[in-house]
Amino acid sequence: MITTDGLTTSSAVPNFKVKPWRSQTYRRFVGSLGCCVCGKPAVPHHHQEDGEGKMGGKVSDEKCVPLCHWHHTDLHNYGREMWKAWGKTPATVILLTQRAWTANHGTEPWK
């Protein structure tokens, strides 16, 4: 809404909040791949970039990476520096995980 002084009120600003993509099937698949560090049984870990997941927001399932309990715990306890210690980058692991899904299912539902 435009006020008499020509300024827009905050109530007129649309909310462009985009809901993250969610898929239980994809999360199960990610967990079935085995830990990306050691190969042990894994759980899907939602990787967050700076600015994601803030203010109660969720990170999309497309950014899940397979980590075993121990490596998942290390990542939470010691932070992103663990990726360097493991000799991996989250972006590479996410890409390889998505390629494995596409090879098995022939689709890219996160797009």
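Only a predicted model underlies this, so the values are computations on that prediction, with no experimental measurement involved.

1. A short note on the overall build of the protein
Next, step 1: From N to C terminus, the protein includes four helices and two strands.
Next, step 2: Taken from N to C terminus, the helices and strands of the protein fall in the order α-β-β-α-α-α.
Next, step 3: Expressed as a percentage of its 111 residues, the buried residues of the protein come to 30%.
Next, step 4: A total of about 7600 Å² of accessible surface is found on the protein, and carbon and sulfur atoms cover 55% of it.

2. Here we look at the environment of Cys35
Next, step 1: As for its placement among the helices and strands, Cys35 is situated in the loop between helix 1 (24–32) and strand 1 (43–46).
Next, step 2: For Cys35, a relative accessible area of 6% corresponds to the buried category.
Next, step 3: When the C-alpha atoms of Cys35 and Val65 are compared, they prove to be 8.3 Å apart, with 30 residues separating the residues in sequence.
Next, step 4: Apart from the residues within four sequence positions on either side, Cys35 is in contact with Lys40, Ala42, Pro66, Leu67, Cys68 and His71.

3. Here we look at the state of the cysteines
Next, step 1: Counted by the stated rule, this structure contains zero disulfides.
Next, step 2: A disulfide-free cysteine, Cys35 has its sulfur positioned 3.8 Å from the sulfur of Cys38, the nearest such atom.
Next, step 3: No disulfide involves Cys38; its sulfur sits 3.8 Å from that of Cys68, the nearest cysteine.

Scoring rules and cut-offs
- Residues numbered from 1 in each chain as written.
- Predicted model: local features only at pLDDT ≥ 70, side-chain atom pairs only at ≥ 80, totals over all residues.
- Heavy atoms only, no water.
- Helix = DSSP H or I, 4+ residues; strand = E, 2+ residues; numbered from the N terminus.
- Buried < 20%, exposed > 50% of the residue type's maximum accessible area, 1.4 Å probe, protein only.
- Areas by Shrake-Rupley, 256 points an atom, 1.4 Å probe, with all protein chains shown as cover.
- Contact = heavy atoms within 4.5 Å.
- Disulfide = S-S within 2.5 Å.

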